[in-house]
There are 2 protein chains.
Amino acid sequence: MSRARDSGSVEYFFNSQSLREDQLFQDMLPEAVKAFEAMKQIVLYPEGSMIFAEGQRPRGVYLLSQGRANLVMRPKGKRARIIRIAEQGEMLGLSATISGEPYEVTAETLTPCQVGFIKRDDFLSLLREQPETCFRVAQLLGQSIHESYERFPLFDKTLPASAKLAHLILSWCAGGEETDEGIRLRLPLTHEQIARMIGTSRETVTRAFGEFRRKQIIQLEGATLLILNLAELESVAKSCQRSQKLSCLRNF
Amino acid sequence: MSRARDSGSVEYFFNSQSLREDQLFQDMLPEAVKAFEAMKQIVLYPEGSMIFAEGQRPRGVYLLSQGRANLVMRPKGKRARIIRIAEQGEMLGLSATISGEPYEVTAETLTPCQVGFIKRDDFLSLLREQPETCFRVAQLLGQSIHESYERFPLFDKTLPASAKLAHLILSWCAGGEETDEGIRLRLPLTHEQIARMIGTSRETVTRAFGEFRRKQIIQLEGATLLILNLAELESVAKSCQRSQKLSCLRNF
DNA sequence: TCCCAATTGTGACGCAGGTCACGTTCGACT
DNA sequence: AGTCGAACGTGACCTGCGTCACAATTGGGA
């Protein structure tokens, strides 16, 4: 598929900090880790295949050990909304597996993926046998809730599209590389994908990028993004929607 | 404040099913419940006061035993967005208390409230002592994640306002009373509050209600809402945004 | 090297809905 | 019953952005 947007060892910056397998293993007793590994079975998925779909009864948790996957919601009849892009090391389907509710999102592989799978029953009984692990999982779920609230502005209708794009870019900065010109980072996403992450159209994303470039806020060279004016970007992100121009004028 | 919108024994239908104290107690060992109760301290909040604010380091969990509270996010400089209205019996601040992340939302009392409070350290050590409770809490968090994804359409910009209102109304139906005319339920919210739940303006809510009434989908008498045509309401909720009229016409 | 499909860039147009400005109705309290 | 503030109802206007259409790049494979 496509141009060389994802060639090489791309590192994503805006992935989940919490739902990572290593987050779970850290602090875990060695034998717990061993039991965990023992019940894990490895499955390979080709690019573009579906790991699970929203609405399905939860079969268990998936550990994305290799590859990258899209987490989307598809309100029927509409373009799928990208909730998040999951990177290697993440656990998928955790909340559904624990609560027994259906999977909330659909996971589709963006690259060939190697995935570890643990059946729901096995996972639950492991949690009951290992209170430490169970506690850790509860913490991870709590963090994951926190992260979804942080993503909230991206879904907020009342923000103008440029503010949402600014928000998204800012969320990537953490993983960027500081230079004396500004923060430099790789941007291995098409405008189309970005549009589906912030709930807008491809053209609007293109135009917003153009506007940022004109304002010297960012600079683009291929898939490399250079943030020249972080402060201004932050102010755009906050820009509290519609111009109050009119109200101001009226005061005269 | 206000007209008699909330006089009498109002029952809300669209509250959380998962973050309820009784959900937690169910299946809990009697002594666990007792330990739980023992560390709970009761606090009274007058109407309009704040229980906790988004961004604050978590002090502990709050059990809303009497009264009603607003959970809002306030992107600074903008009208607060109502995430959910919490009813008596709900636990607030659970995910933040467990994960240690700051509270994600602000909780403000809409009526005088009686609230039980458990300090974070106490709560955490209780979870470590009682694996059963810990497991139960993890399940509740999972369910709570599921519920937030269900609320997702309300935040989706691409849906027209009327569809989001329809969604919201549908989420109330579960608690309604079946009659031969349709589902009857109390609607103790102002248009302004509803607007802030679906991210639109007060006027738009008023107009959407008017449209539903004209189409004989609903009927309003004071704060009582009668749903005449459930099927039509569902179809409005799904109405997949912008009219494709133009594209259709072009086919000829 | 050339070609081609996938991306990016840009203008034109239309409309949903935010905002303002009013008028109307409701219900609580005196 | 009269008053008054809150909530509801409605028209006018304007803007952001979705959509369509088409041009200009870009980079990987033949």
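Every value quoted in this text rests on a predicted model; they were computed, and no experiment measured them.

**As for the relation of the copies chain A and chain B**
Overlay of chain A on chain B (RMSD 0.1 Å): rotation 180 degrees, translation along the axis 0.0 Å. These values place the two chain copies in the arrangement generated by a two-fold rotation axis. Interface overlap between copies: 100% of the residues of chain A at the interface are likewise at the interface in chain B, consistent with a symmetric, same-surface contact.

**Quick look at the sheet that holds strand S7 (residues 106–109) of chain A**
All names here are of chain A. Pairing is antiparallel in the open sheet, where four strands are placed in the order S2-S7-S4-S5. Since the sheet does not close on itself, it has two edges, and those belong to strand S2 (50–52) and strand S5 (81–86), each with one partner. Ignoring which end each strand starts from, the neighbouring axes of this sheet average 30 degrees apart. Across five bridges, the pairing between strand S4 (residues 69–73) and S5 is antiparallel. Bridged to Leu 71 within S5 is Arg 84.

**What about the packing of helix H4 (residues 120–129) of chain B against helix H5 (residues 131–150) of chain B?**
Residue and element names in this part refer to chain B. Two elements in contact, H4 and H5, have axes whose closest approach is 5 Å; the angle formed by their N-to-C orientations is 110 degrees. What the angle tells us is that H4 and H5 run roughly perpendicular. Facing Phe 123, Leu 126, Leu 127 and Glu 129 of H4, the residues of H5 in contact are Pro 131, Thr 133, Cys 134 and Val 137. Considering only residue class, the contact of H4 with H5 consists of six nonpolar, one polar and one charged.

**Observations concerning the pattern of salt bridges**
All names here are of chain A. Scanning the entire structure with this criterion turns up 14 salt bridges over all chains. Put simply, Arg 74 and Glu 108 hold a salt bridge, and the shortest N to O gap is 2.6 Å. You can see Arg 74 sitting in the loop between S4 and S5 and its partner Glu 108 sitting in strand S7, a full 34 residues away along the chain. According to the relative accessible area criterion, Arg 74 is partly exposed, its value standing at 39%. Among the ionic pairs, Glu 221 bridges to Arg 184, the shortest N-O distance being 3.9 Å. Taken as a pair, Glu 221 in strand S11 (residues 218–221) and Arg 184 in strand S10 (residues 183–186) lie far apart in primary sequence, 37 residues in all. On the accessibility criterion, Arg 184 (25% relative accessible area) is partly exposed.

**Some points on the environment of Cys 173 of chain A**
All names here are of chain A. Tracing the backbone through its elements, the reader meets Cys 173 in helix H6 (residues 161–173). Assessed through its relative accessible area of 12%, Cys 173 is described here as buried. Spatially, the C-alpha atoms of Cys 173 and Ile 227 are 8.6 Å apart, while their sequence positions differ by 54 residues. If near-sequence neighbours (up to four positions away) are discounted, Cys 173 is found in contact with Ile 183, Leu 185, Ile 227 and Leu 230.

**A word on the sheet that holds strand S2 (residues 50–52) of chain B**
Residue and element names in this part refer to chain B. Sheet architecture is open: four strands sit in the order S2-S7-S4-S5, paired in antiparallel fashion. Each edge of the open sheet is held by one strand with a lone partner, namely S2 and strand S5 (81–86). The average angle at which neighbouring strand axes cross in this sheet is 30 degrees, direction not considered. The pairing of strand S4 (residues 69–73) with strand S7 (residues 106–109) spans four bridges and is classified as antiparallel.

**Let's talk about the environment of Glu 101 of chain A**
In this structure, Glu 101 of chain A sits in the loop between helix H3 (94–99) and S7. Separated by 45 residues in sequence, Glu 101 of chain A and Gln 56 of chain A have C-alpha atoms that sit 8.7 Å apart. Here Glu 101 of chain A is in contact with Pro 58 and Ala 96 of chain A together with Gln 143 and His 146 of chain B, once residues within four sequence places are set aside. Within the structure, the side chain of Glu 101 of chain A is placed 3.4 Å from the side chain of His 146 of chain B, a separation counted as a polar contact.

The rules we used
- Residues numbered from 1 in each chain as written.
- Chains lettered and ligands numbered in written order.
- Predicted model: local features only at pLDDT ≥ 70, side-chain atom pairs only at ≥ 80, totals over all residues.
- Heavy atoms only, no water.
- Least-squares fit on C-alpha atoms with pLDDT ≥ 70 in both.
- Contact = heavy atoms within 4.5 Å.
- Pairing = 2+ DSSP bridges.
- Helix = DSSP H or I, 4+ residues; strand = E, 2+ residues; numbered from the N terminus.
- Axes fitted to C-alpha atoms, helices over the stretch in contact; angles between N-to-C directions.
- Parallel < 35°, antiparallel > 145°, perpendicular 65-115°, else oblique.
- Nonpolar A, V, L, I, M, F, W, Y, C, P; charged D, E, K, R; others polar.
- Salt bridge = Lys/Arg side-chain N within 4 Å of Asp/Glu carboxyl O.
- Buried < 20%, exposed > 50% of the residue type's maximum accessible area, 1.4 Å probe, protein only.
- Polar contact = N/O pair within 3.5 Å; in protein donor to acceptor, adjacent residues only side chain to side chain.

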